[in-house]
Amino acid sequence: MPVQVTPDLMIFGLLAGLAAMTAVGVVAFRNAVRSALCLVLNFFTLAFLYFTLRAELLGMTQIIVYTGAIMVLFLFVIMLLNLGSLQVLDERPDLIKKGLGFLFGGALFGLIATQVVQPFLQTSQQFAPEGFGSPQAVGRTLFTSYVWPFEIASILLLIGIVGSILLAKRRI
Amino acid sequence: MESYIGILVLVAVAAIVCVAMVSLSWVLGPKKVTPYKSSPYECGVTPEGSARERFPIKFYLVAILFILFDIEVIFLWSWMTIYRDSEVSFQLFSFIEMLVYMSTWILGYIYAVRVGAIDWDETTSLDPAKLEDTVLPKLEAKPVLQPATEGS
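Residues numbered from 1 in each chain as written. Chains lettered and ligands numbered in written order. Predicted model: local features only at pLDDT ≥ 70, side-chain atom pairs only at ≥ 80, totals over all residues. Heavy atoms only, no water.

A. Focus on the overall build of chain A. Secondary structure summary: chain A contains six helices and zero strands in total. Listed by position from the N terminus, the elements making up chain A come as α-α-α-α-α-α. Counting only residues that meet the buried cut, chain A has 29% of its 172 residues in that class. Taking all contacts inside chain A whose residues are at least 6 apart in sequence as the whole, residues at least 24 apart take part in 54%. (Helix = DSSP H or I, 4+ residues; strand = E, 2+ residues; numbered from the N terminus. Buried < 20%, exposed > 50% of the residue type's maximum accessible area, 1.4 Å probe, protein only. Contact = heavy atoms within 4.5 Å.)

In structure tokens:
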């Protein structure tokens, strides 16, 4: 199947390339703050990828929750842990560890590939229909088909609130 | 895709303005560097101690509580966009559903306030041993302005 270069494909290529590069940057940088800033950019480009897929609610949520809130938390964690000199992070090269890492990484990649490739080849439609991922459509589905998961999510968040307070607070 | 053009124009204008402000002030601004000017400062005061100190966990607690409440509010958004234009049965059902949802939200909020999770008092969040070393002497001793050590 010959691939036709359309503007959509170019935008996707740009965003996907940037997302992949920043994802590599997250693990490749030795400075934790640089990794975190790469992660900000990665979340941001992912949000734009969601926009190109017409998943507006997901894209906005990605920006508000991930780039806005969770990244602040990551930076706080970096400041809490206070990674001093980077030499501490140096490890002796360990072939067994490396081999196992490649093995498990490859296995995970294969597992995801088997789930993704087949549906991907079967799709004939490039985009979701208009308004598919809009807040209206998601809100409607949330209160018809997914009422229970929605309620359970609120309980899960309550557990998160109580748990984080219990863990972080010295005296309650 | 056409509906995004307005946003793209806004992003482009914002980018141009930001780049112009930063680069023009860098190009046009006078640059007379003295050791005193380029020394680090903190709110106009000479910094004391290292900047790479560990932060108290209360910052983390506030951040994680913010995230959790943030995620709860995200769900309200999708509901608000359809509530007004829906049929009555859906309105009634989703309203009660939202009340149930919000009740756990309020429960979490009351819990956070009651246990003083967002209390900024260090005596409840810091290790007692550390408290005696750091907080109490600071409360007693007044900050002393130190003269600059380098430059003039």
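B. Molecular detail of the nonpolar core. Within the largest apolar cluster, 29 residues are counted, with the highest numbers of intra-cluster contacts made by Phe143 and Ile165 of chain A together with Leu65, Met98 and Ala117 of chain B. Within the residue set of this core, elements represented by two or more residues are helix H3 (56-81) and helix H6 (147-168) of chain A together with helix H2 (57-83) and helix H3 (88-114) of chain B. Sorting elements by how many residues they give to this core places H2 of chain B first, with 11 residues. When residues are assigned to domains, this core turns out to be shared by domain 1 (7-129) and domain 2 (134-172) of chain A, each giving three or more. The residues touching Leu65 of chain B, leaving out its near neighbours within four places in the chain, are Ile161, Ser164 and Ile165 of chain A together with Ala112, Ala117 and Ile118 of chain B. Grouped together as the second largest cluster of nonpolar side chains are six residues, Ala32, Ala36, Leu39 and Met71 of chain A included. (Core = buried A, V, L, I, M, F, W, Y, C linked by side-chain atoms within 4.5 Å. Domains from an automatic or database assignment.)

C. Summary view of the domain arrangement of chain A. The assigned domain composition of chain A is domain 1 (7-129) and domain 2 (134-172). Computed over C-alpha atoms only, the centres of domain 1 of chain A and domain 2 of chain A are separated by 24 Å.

D. Focus on the interface of chain B and chain A. Tallying the contact residues gives 51 residues for chain B and 42 residues for chain A. Both faces combined, the contact of chain B with chain A buries some 4,500 Å², and carbon together with sulfur accounts for 74% of it. The three residues of chain B that bury the most area against chain A are Tyr60, Trp77 and Tyr111 of chain B, which together make up 12% of that side's buried surface. At the boundary of chain B with chain A, the tally comes to one salt bridge. Note that Glu87 of chain B is salt-bridged to Arg140 of chain A, the shortest N-O span being 3.4 Å. Taken together, the links from chain B to chain A amount to three residue pairs in polar contact (both at pLDDT 80 or more). Mapped by element, the contributors of at least two residues to the side of chain B that touches chain A are H2 and H3 of chain B. (Buried area = accessible area lost by both parts, 1.4 Å probe. Salt bridge = Lys/Arg side-chain N within 4 Å of Asp/Glu carboxyl O. Polar contact = N/O pair within 3.5 Å; in protein donor to acceptor, adjacent residues only side chain to side chain.)

E. A look at the side chain of Ser78 of chain B. Within the secondary structure, Ser78 of chain B is located in helix H2. Among the polar contacts listed, one links the side chain of Ser78 of chain B to the backbone oxygen of Phe75 of chain B, at a separation of 3.2 Å. What Ser78 of chain B contacts, discounting residues up to four positions off in sequence, is Leu57, Pro135, Gly139 and Leu142 of chain A.

F. Inspection of the pattern of salt bridges at higher detail. Residues and elements named next belong to chain B. Per the counting criterion, the structure on display carries two salt bridges over all chains. Here Arg84 ties to Asp85 by a salt bridge, and the two come within 3.9 Å at their closest N and O atoms. Across the pair, exposure class does not vary: Arg84 and Asp85 are exposed alike.

G. Geometry of the packing of aromatic side chains. Inspection of the entire model under this criterion finds 14 aromatic pairs over all chains. Residues Phe43 of chain A and Tyr66 of chain A carry aromatic rings whose centres are separated by 5.1 Å and whose planes lie at 70° to one another, so their mutual orientation is edge-to-face. In this pair, Phe43 of chain A sits in helix H2 (residues 32-52) while Tyr66 of chain A sits in helix H3, placing the two residues 23 residues apart along the sequence. Owing to a relative accessible area of 11%, Phe43 of chain A belongs among the buried residues under this scheme. Ring plane angle 50° and centroid distance 6.4 Å describe the contact between Phe143 of chain A and Trp79 of chain B, whose orientation is recorded as tilted. Here the residue Phe143 of chain A occupies a position in the loop between helix H5 (135-142) and H6, and Trp79 of chain B occupies one in helix H2, the pair thus bridging two chains. An aromatic cluster is present here, built from Phe143 and Phe150 of chain A together with Phe75, Trp79, Tyr83, Phe90 and Tyr101 of chain B joined pairwise through their rings. Over the face of the ring belonging to Phe90 of chain B we find Arg140 of chain A, whose NZ or CZ atom lies 4.2 Å from the ring centre. Across from the ring centre of Trp26 of chain B, 5.6 Å away, lies the NZ or CZ of Lys31 of chain B, which sits over that ring. (Phe/Tyr/Trp six-rings, centres within 6.5 Å; stacked < 30°, edge-to-face > 60°. Lys NZ or Arg CZ within 6 Å of the ring centre and 35° of its normal.)

H. Structural detail: the environment of Lys31 of chain B. All names here are of chain B. Position of Lys31 among the secondary structure elements: in the loop between helix H1 (5-28) and H2. Judged by relative accessible area, Lys31 falls into the exposed class, the value being 56%. A distance of 2.7 Å separates the side chain of Lys31 from the backbone oxygen of Trp26, its partner in a polar contact.

I. Representation of the packing of helix H1 (residues 7-28) of chain A against H2 of chain A within the structure. Residue and element names in this part refer to chain A. Interhelical geometry of H1 versus H2 gives an angle of 155° and a closest axis separation of 8 Å. Taken together, the axis directions place H1 and H2 in an arrangement best described as roughly antiparallel. H1 and H2 meet at a crossing whose hand is left-handed. Of H2, the residues touching H1 (which contributes Ile11, Phe12, Leu15, Ala16, Leu18, Ala19, Thr22, Ala23, Gly25 and Val26) are Ser35, Cys38, Leu39, Leu41, Asn42, Thr45, Phe48, Leu49 and Thr52. Split by residue class, the contact of H1 with H2 holds 13 nonpolar, six polar and no charged. (Axes fitted to C-alpha atoms, helices over the stretch in contact; angles between N-to-C directions. Parallel < 35°, antiparallel > 145°, perpendicular 65-115°, else oblique. Left-handed = near helix turned anticlockwise from the far one by under 90°. Nonpolar A, V, L, I, M, F, W, Y, C, P; charged D, E, K, R; others polar.)

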